[in-house]
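Here's the letter readout for the chains.
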Amino acid sequence: MICNLCPHSCSADRGERSGSGFCRLGTLPKVARIAPHMWEEPCISGTRGSGAVFFSGCTMRCVFCQNYEISAENNGVFITPARLADEFKRLEDTGVHNISLISPTPYVDAIVEAFGIYRPNIPIVYNCGGYESVETLQRLEGYIDIYLPDFKYSDDALALEYSGAPGYVETATAAIAEMLRQTGEAAFDGDGMMTRGTIVRHLVLPNHTRNSLGVIDITEREFPGVYLSLMGQYIPHGKAAEYPKLNRKITSREYRKVRDYLFSTELDGFVQELSSADEKYVPEWDY
Ligand code: SF4
């Protein structure tokens, strides 16, 4: 397969198990963990958890990624689309509120094939880094009920330096607009669980509050009415130690500054406790 699924547009040749593109992935899904997950926003995790499928690999290469072993080093095990469909069913049978596809973009073809075999009767969540191509998102229309994109940067230079993602701001803005076009306004069931909608997530980085304020500005300007989820869970992972500005947790002062700025806007959403910056919330990659 010649791949242009994500904004890298590598036109790379991807075999079944490996490829020559930026992500180095083959087309056969590789996963690191499939299990109920309790640590998403309350309207996603609820009381029974979100049925998380953690895919290996990523279209970004964030030097600080908390999932670095699977996102950048591509650790995981291969599964076929048929097995993926079985896993959707197995997760659904545990009573989870939804199926959450985490970092799924390089495997869109296999995921659509899996839905052709089994389509869960609970919402499908697409959890991604925001660096998405509109064309690929359009292929997902009708399959995805909830989008959970990150909006990591308001500064393209940071996106390139820390995540290897050129043109991030314009690309993520166009991608989130497409997600909102598909889902429309957020909808919830009687228990407060999201059944449809888009939540934009932003992780505050140490020494980069200006970047965060810029993300809030763009979100308010471009997507009024969207839910914004502010995350303070940053811990230096991956290669963060090689970047002095990134090599610590965020301070409560930094977090307060960003949070108070968010509260001064009309945006609604979620604010994570700073105590969530703890290794115990990093899932175990037990494949
Ligand atoms: S999914 Fe991988 S191979 Fe395809 S365009 Fe993106 S980085 Fe390149």
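From a predicted model like this one, the values you see are computed outputs, not experimental measurements.

## Details of helix H6 (residues 156-163)
Taken residue by residue, H6 has Leu-158, Ala-159, Tyr-162 and Ser-163 as its buried positions. When H6 is viewed along its axis, its buried side chains cluster within an angular range of 100° and face the same direction. Buried-residue contacts for H6 involve helix H7 (168-183) and helix H8 (209-222). For H6, the N-terminal capping position is held by Asp-155, with its side-chain oxygen 2.8 Å away from the main-chain nitrogen of Ala-157. Two residues or fewer after H6 comes Gly-164, characterised by a positive phi angle close to 60°.

## Here we look at the packing of aromatic side chains
Enumeration over the complete set of coordinates arrives at eleven aromatic pairs. Ring centres 6.3 Å apart and planes at 45° place the aromatic pair Phe-151 and Tyr-168 in the tilted group. With Phe-151 in the loop between strand S8 (146-149) and H6 and Tyr-168 in helix H7, this residue pair connects regions lying 17 residues apart in the sequence. Summarising the burial analysis for this pair, Phe-151 and Tyr-168 share the class buried. Among the aromatic side chains, those forming a connected cluster through ring pairs are Tyr-131, Phe-151, Tyr-153 and Tyr-168. Above the plane of the ring of Phe-78 lies Arg-17, whose end atom (NZ or CZ) is 4.6 Å from the centre. Stacked on the ring of Phe-22, the Lys or Arg Arg-61 has its end atom at 4.2 Å from the ring centre.

About the thresholds
Residues numbered from 1 in each chain as written. Predicted model: local features only at pLDDT ≥ 70, side-chain atom pairs only at ≥ 80, totals over all residues. Heavy atoms only, no water. Buried < 20%, exposed > 50% of the residue type's maximum accessible area, 1.4 Å probe, protein only. Helix = DSSP H or I, 4+ residues; strand = E, 2+ residues; numbered from the N terminus. Arc of directions from axis to C-beta. Contact = heavy atoms within 4.5 Å. Polar contact = N/O pair within 3.5 Å; in protein donor to acceptor, adjacent residues only side chain to side chain. Phe/Tyr/Trp six-rings, centres within 6.5 Å; stacked < 30°, edge-to-face > 60°. Lys NZ or Arg CZ within 6 Å of the ring centre and 35° of its normal.

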